[in-house]
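Structural description and commentary
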Amino acid sequence: ALSNVQNAQSLLAIAEGGYQNQMEILQTIKDKTVQASDRAVSDTQRASIDKQVFQLLTELDDIGSQTKWSGTSLINDTANRAFSFHVGGDKGEELLVTLDKSNSSVHGLATVATLNGAGTIGASVDGADDAIELVTLAIDKLAGFVQKIGDTMVRLGKKSDFLAVSYSNTDA
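Turning our eyes to something else, we now look at the overall build of the protein chain. Tallying secondary structure elements over the protein chain gives four helices and four strands in all. A compact globule built from 172 residues should have a C-alpha radius of gyration of about 16 Å, whereas the protein chain, at 20 Å, is more than 25% larger. Considered along the principal axes of its C-alpha atoms, the protein chain spans approximately 75 × 25 × 20 Å. For the protein chain, the proportion of its 172 residues judged to be buried stands at 38%. When the accessible surface of the protein chain is totalled, it reaches about 8,900 Å², and 50% of it is carbon and sulfur. Positive and negative side-chain charges of the protein chain, numbering 14 and 22 respectively, have mean locations separated by a distance of 3 Å.

Right, dumping it as structure tokens:
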């Protein structure tokens, strides 16, 4: 059971790392979107920022695809990914962990930027303003995913401590 807890912790650490990398990208996207919403920025500059954001969204999706455990995609599959870990010495002592899918489409960002600079950000100042709200919502949503993993890691840490004490007491 202790080995299973450690496996669960390792899997969650990998998923959390993927989410954290995506969070850094979303923060960069928000900075660029705020920059694009400035009326002093020309349409050409705004289109350039739109293209940069498109590349960042592609990177965000790549991180989701590349975040894997034993060859299994953790955070960018066709649906949320559920795992069950037997974490106790008795029947039914299982921990169910669900990892939320995370990519640009899930976060509602698929149209904020395009390869040719004609996304929501590049379209106008108002479009860039609208994109700020979308990116903020995506950041909040992703923060919830990270928080859920953190909460589960705390529970697993307590379970690990309990199992270690149980084994020590059994051996004594």
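On to the packing of aromatic side chains. Per the counting criterion, the structure on display carries two aromatic pairs. Pairing Y19 with F145 gives two aromatic rings, centres 5.6 Å apart and planes at 50°, and the pair type is tilted. In this pair, Y19 is assigned in helix α1 (residues 2-36) and F145 in helix α4 (residues 125-171), connecting sequence segments 126 residues apart. Of the two residues, Y19 and F145, both sit in the buried class. With 6.3 Å between their ring centres and 20° between their planes, F83 and F85 make a pair best called stacked.

Right, let's talk about unusual backbone geometry for a bit. Most peptide bonds take the trans configuration, and most residues that are not glycine carry a negative phi. At S70, a residue that is not glycine, the phi angle is positive and equals roughly 50°. With respect to the secondary-structure elements, S70 resides in the loop between β1 (68-69) and β2 (72-73). S70 sits in the exposed class, given a relative accessible area of 71%.

Overall, the coordinates contain four salt bridges when judged by the stated rule. We note a salt bridge from R39 to D126, for which the minimum N-O separation is 3.9 Å. One end of the pair, R39, is in the loop between α1 and α2 (43-66); the other, D126, is in helix α4, and 87 residues separate them in sequence. A relative accessible area of 66% means that R39 is categorised as exposed.

Regions with low pLDDT carry predicted coordinates that are not meant to be interpreted in detail. Here the protein chain averages 92 in pLDDT, while 95% of its residues score no lower than 70. When mean pLDDT is compared element by element in the protein chain, α2 scores highest at 97, while α4 scores lowest at 89.

Counting residues in each nonpolar core, the largest one holds 41 residues, and the members touching the most others are Y19, L26, I29, V53, L99, V112 and I121. Of all the secondary structure elements, the ones that give two or more residues to this core are α1, α2, β3 (81-86), β4 (94-99) and α4. Each residue touching I121, except ones within four places of it in the same chain, is listed here: T33, A36, R46, I49, D50, V53, V112, G127, A128 and A131.

Parameters at a glance
- Residues numbered from 1 in each chain as written.
- Predicted model: local features only at pLDDT ≥ 70, side-chain atom pairs only at ≥ 80, totals over all residues.
- Heavy atoms only, no water.
- Helix = DSSP H or I, 4+ residues; strand = E, 2+ residues; numbered from the N terminus.
- Rg over C-alpha atoms; globule rule 2.2 N^0.38 Å.
- Buried < 20%, exposed > 50% of the residue type's maximum accessible area, 1.4 Å probe, protein only.
- Areas by Shrake-Rupley, 256 points an atom, 1.4 Å probe, with all protein chains shown as cover.
- Lys, Arg positive; Asp, Glu negative; His and termini not counted.
- Charge placed at Lys NZ, Arg CZ, Asp CG, Glu CD.
- Phe/Tyr/Trp six-rings, centres within 6.5 Å; stacked < 30°, edge-to-face > 60°.
- Salt bridge = Lys/Arg side-chain N within 4 Å of Asp/Glu carboxyl O.
- pLDDT = per-residue confidence, 0-100.
- Core = buried A, V, L, I, M, F, W, Y, C linked by side-chain atoms within 4.5 Å.
- Contact = heavy atoms within 4.5 Å.

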